[in-house]
Amino acid sequence: MAAFLIADSGSGAEGPRSLTTDEASRLAITRFRNYQARGRAVTITVPGTAGGLTVTGSVDYRHKVGYGVVHGTGRDRSSDGLIQWTPTSVHVRPMTDAPAHAPASPPRSGWYDRGLLASGSALDTSLSIALGLGGDRPDNAELLPQNGAAWWGREQVDGHRVDVMTGPSSPDRSGTAGNVRYWIGSDGTMYRVRVSVASQPEPVVIDFDTHTYVPVEPLPGTTPAR
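Residues numbered from 1 in each chain as written. Predicted model: local features only at pLDDT ≥ 70, side-chain atom pairs only at ≥ 80, totals over all residues. Heavy atoms only, no water.

Draft legend 1. Region of interest: the overall build of the protein. A tally of helices and strands in the protein yields three helices and 13 strands. Looking at the 226 residues of the protein, the share that counts as buried comes to 46%. Sequence-distant contacts, at least 24 apart, represent 56% of the contacts inside the protein between residues at least 6 apart. Accessible surface, the protein as shown: approximately 10800 Å² in total, 50% of it carbon and sulfur. (Helix = DSSP H or I, 4+ residues; strand = E, 2+ residues; numbered from the N terminus. Buried < 20%, exposed > 50% of the residue type's maximum accessible area, 1.4 Å probe, protein only. Contact = heavy atoms within 4.5 Å. Areas by Shrake-Rupley, 256 points an atom, 1.4 Å probe, with all protein chains shown as cover.)

In structure tokens form, the structure reads like this:
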């Protein structure tokens, strides 16, 4: 994921300052909280110079698979339809009149498959980022401040009081501290994430709990990763 990240200046910040012990602990467990929850409802706002895309759906953090509906914003509807994705593949089902929410059970036919692109696609980058926001163990809280993670301020997200924090440098890319911004609740729950994407004018924004979570069912003929 780090290959797609660039600095995110953001707005409304009060910091930065070093993380307290409690803040570092919450940042360290925030991806693990998603894994513990098994899955989260998400709205992914994908930037684009010719208009953006919005993916409304669910991500299963145990099986690393997402499913939802895509709508174009400020552009034509050629990209509208259903989508299911894994770390390596994307399945799309075009629809001329896509619903607000994807049906709980994916249709059995009409799907087109392709590999998930590692670069050159803001949509695929956004899908990959969304899948990466869950982990089967907490991060090392002591290393986060040492590697540049910081506190930036406090805000409200959908009625939740949150701390805004930026993540540390990527292990394979020094100087990338602050590239990812997290909105995290008092118990470590992740409510929003914002990541800038190379070549795009606006950041990817992933909002959680924007609608009811619906467990992700695999497409007919596919098996989720274990």
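Draft legend 2. Highlighting helix H1 (residues 21-36). Under the 1.5 Å per step criterion, the end-to-end length of H1 is 22 Å for 16 residues, consistent within 8% with the ideal 22 Å. If you look at H1, its biggest bend is around 40 degrees, right at Thr30. Among the residues of H1, Glu23, Ala24, Arg26, Leu27, Ala28, Thr30 and Asn34 are the ones counted as buried. Following H1 by one or two positions, Arg38 adopts a phi angle in the positive range, close to 75 degrees. (Expected span 1.5 Å × (residues − 1). Bend = angle between axes of the 7 residues up to and from the residue.)

Draft legend 3. Looking closely at the packing of aromatic side chains. Taken as a whole, this structure holds one aromatic pair when the rule is applied. Arranged with centres 6.4 Å apart and planes meeting at 15 degrees, the rings of Phe32 and Tyr35 form a pair that is stacked. Highlighted residues: Phe32 and Tyr35, both in helix H1, separated by three residues, approximately one helical turn. Between Arg62 and the ring centre of Tyr35, over which it is positioned, the NZ or CZ distance is 4.4 Å. (Phe/Tyr/Trp six-rings, centres within 6.5 Å; stacked < 30°, edge-to-face > 60°. Lys NZ or Arg CZ within 6 Å of the ring centre and 35° of its normal.)

Draft legend 4. Layout of the environment of Ser78. Looking at the secondary structure, you find Ser78 in the loop between strand E5 (65-73) and strand E6 (81-85). Its relative accessible area of 58% is what places Ser78 among the exposed residues. For the pair formed by Ser78 and Met95, sequence separation is 17 residues and the distance between their alpha carbons is 8.4 Å.

Draft legend 5. The arrangement of the side chain of His211 in detail. Relative to the helices and strands, His211 is located in the segment after strand E13 (204-208). A polar contact is formed between the side chain of His211 and the backbone oxygen of Gly57, at a distance of 2.8 Å. In contact with His211, not counting residues within four places along its chain, are Ala41, Val42, Thr43, Thr56, Gly57 and His101. (Polar contact = N/O pair within 3.5 Å; in protein donor to acceptor, adjacent residues only side chain to side chain.)

Draft legend 6. Just the pattern of salt bridges, in detail. A complete count under the given rule lists nine salt bridges for this structure. A salt bridge links Arg114 to Asp124; the shortest N-O distance between them is 2.7 Å. Here Arg114 is found in strand E8 (residues 112-115), whereas its partner Asp124 is found in helix H2 (residues 122-131), with ten residues between them in sequence. Overall, the relative accessible area of 33% leaves Arg114 in the partly exposed class. Overall, the relative accessible area of 0% leaves Asp124 in the buried class. The salt bridge partner of Arg137 is Asp136, with a shortest N-O separation of 3.2 Å. One continuous salt-bridge network, built from bridges that share partners, spans Asp22, Arg26, Arg154 and Asp163. (Salt bridge = Lys/Arg side-chain N within 4 Å of Asp/Glu carboxyl O.)

Draft legend 7. Region of the structure containing the pairing of strand E12 (residues 190-197). A large share of E12 lies buried, amounting to seven of its eight residues. Summarising the sheet, strand E11 (residues 180-184) and E12 pair through five bridges and their orientation is antiparallel. Across the sheet, residue Ile184 finds its bridge partner in E12, namely Met190. The pairing of E12 with E13 spans four bridges and is classified as antiparallel. Pairing of Arg194 across the sheet is with Val205, part of E13. Where E12 folds back onto E13 in an antiparallel hairpin, the turn is made up of six residues, including Ser199, whose phi is positive at roughly 80 degrees. (Pairing = 2+ DSSP bridges.)

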